Amino acid sequence: MRKLLKVPLISISALAGIVVIGLSATSITNAVANSSEAAELQSYSQLVEVDGKQMNVVISGDASETIVLLPGLGTAAPGLDFEPLIAELRDDFRVVVVEPFGYGLSDQADSPRTSENIAGEVHEALQDLEIDQYVLAGHSIAGIYALDYVNRFRDEVTAFVGIDTSVPTQPGSDESTPTDGLAALKDLGILRLLNSLAPDPNDGLPFDESTKRQLTILSNRNAMSPTLLDEIDRTPDNFAAARTQSFPVDLPLLLFVVANDPELADWQQLHEEQAAGVDRGEVVPLDGGHYLHHTQSVRIAADIERFLRG
């Protein structure tokens, strides 16, 4: 019996050794890659001080009317991610992309990632830039943060434009996402390894090679950061808070949504209910995936111009 037991014990010991060696290798590779990528990182915007930290803001165009763009949850570099839409808007608008703490080139946050804090920090950045009249626009989770924002700063916001934005009553919004161990997977280099084996998420998108490289670097840097993990953990509570809010009835509301969403059959209906709650609301269904501003930027920009001028 003792001889039989030696085989699995040796195997387990050997397996443990292999795992330790493998994790050591991925950790070292990850650390070296992080250092190398940090040297490649390029500034593409300007920094403003918010709550004693640096927040990154991209400004393009010099028209009299301003559109402020806010990103979806976990967007690695909003200022770069929105480039296709910025290119279509900047001739007619001054386009301002705010990268919240934990996103793009902005610092990590100390404060909890509640809708109230995120909205307040974005507002402070705009105040620093002396921007006090603007159309607020956003992608995905920005639709939740925007509800807090427009109700607190209604006198500054002239309209809201949603790009496949989240709505407070969407199915699954009360479910938490497990985040335990994700930071360790990043530090150990496992996430980098998995990303290297997956298809390139930027393949086929309207970005030049330099931009794609910067998106990759910032994705590696910002993925599973403490700020992002805290935001993910607080998402169910942020949705719950949003269920007590609605867009002001006098705020023009333009909502672009994915047509015939394969995961949510009533996705368009949920947005039509939001639009019906204001004096002037419109829903525009578009073909494509969740990141409509990558593939439908020409149509989105044209409809924004039409809606605001109407």
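Before any of the text, the structure's been laid out above.
Presented here is an overview of the structure given in this document. (Residues numbered from 1 in each chain as written. Predicted model: local features only at pLDDT ≥ 70, side-chain atom pairs only at ≥ 80, totals over all residues. Heavy atoms only, no water.)

Observations regarding the side chain of H293
Condition: Only DSSP runs of H or I covering at least 4 residues are called helices, and only runs of E covering at least 2 are called strands; the numbering of each starts at the N terminus. Here a polar contact is recorded for every N or O atom pair within 3.5 Å, except that within protein the pair must consist of a potential hydrogen donor and a potential acceptor, and residues adjacent in sequence are included only if both atoms are side-chain atoms. By definition in these notes, contact holds between two residues if any of their heavy atoms fall within 4.5 Å.
One can find H293 in helix α11 (residues 292-295). Separated by 2.7 Å, the side chains of H293 and D81 make a polar contact. Not counting residues up to four positions away in its chain, the partners in contact with H293 are D81, F82, P84, L85, H139, I163 and I300.

What to know about a negative patch on the surface
Put simply, the rule is: Patch membership is restricted to residues that have no salt bridge and whose relative accessible area is over 30%. Joining uses 9 Å for like charges and 5 Å for the nonpolar side chains Val, Leu, Ile, Met, Phe, Trp and Tyr. Under the convention used here, a 1.4 Å probe and the Shrake-Rupley method define accessible areas, while residue burial counts only the protein chains that appear. In the sections that follow, a salt bridge refers to a side-chain nitrogen of Lys or Arg positioned within 4 Å of a carboxyl oxygen of Asp or Glu. Asp and Glu count as negative and Lys and Arg as positive, but His and the ends of the chain are not part of the count. The atom standing in for a charge is NZ when the residue is Lys, CZ when it is Arg, CG when it is Asp and CD when it is Glu. Whether a residue is buried, partly exposed or exposed follows from its accessible area with a 1.4 Å probe, protein chains only, as a fraction of its type maximum: under 20%, in between, or over 50%, in that order.
Together, E49, D51, E124, D128, E130, D132 and D155 line one region of the surface with negative charge. Looking at the element boundaries, D128 is found in helix α4 (residues 115-128). The class for D128 is partly exposed, based on a relative accessible area of 45%.

Quick look at the pattern of salt bridges
Here the idea is simple: oppositely charged side chains can pair when their charged atoms come close. Per the counting criterion, the structure on display carries twelve salt bridges. The residue R309 makes a salt bridge to E65 at a minimum N-O spacing of 2.7 Å. Of this pair, R309 sits in helix α12 (residues 297-309) while E65 sits in the loop between β2 (53-60) and β3 (66-70), and the two are 244 residues apart along the sequence. For R309, a relative accessible area of 45% corresponds to the partly exposed category. Among the ionic pairs, R113 bridges to E121, the shortest N-O distance being 2.8 Å. This pair shows no difference in class: R113 is buried, exactly as E121 is.

Some points on the sheet that holds β3
The criterion, for reference: DSSP bridges decide pairing: two strands pair if at least two such bridges lie between them. Structural elements are reduced to axes, namely lines fitted to C-alpha atoms, with helices fitted over the stretch in contact, and the angle between N-to-C directions of any two is expressed from 0 to 180 degrees.
Read across the open sheet, the eight strands follow the order β1-β2-β4-β3-β5-β6-β7-β8; overall the sheet is mixed. Because the sheet does not close on itself, it has two edges, and the strands there are β1 (46-50) and β8 (281-286). Here the strands of the sheet are splayed against their neighbours by 25° on average, with no regard to which way each runs. Where β3 lies against strand β4 (residues 94-99), four bridges are found, and the strand directions are parallel. Counted as the bridge partner of L69 is V97 from β4. In this fold helix α10 (residues 267-276) packs onto β7 (253-258) and β8, with an angle of close to 180° to the strand it touches most, β7.

So, the pairing of β3
Among the five residues in β3, five count as buried, and that is most of the element. Of the two faces of β3, both are covered, the one formed by T66, V68 and L70 as well as the one formed by I67 and L69. Here β3 pairs with strand β5 (residues 134-139) via four bridges, running parallel. Across the sheet, the residue bridging to V68 is L136, located in β5.

Focus: α10
Our working rule: Here, the arc refers to the directions that run from the helix axis to the C-beta atoms.
All of the buried residues in α10 are W267, L270, H271, Q274 and A275. In an axial view of α10, the angular spread of the buried residues amounts to 140°, which keeps them on one side of the axis. Where the residues of α10 are buried, they touch β7 and β8.

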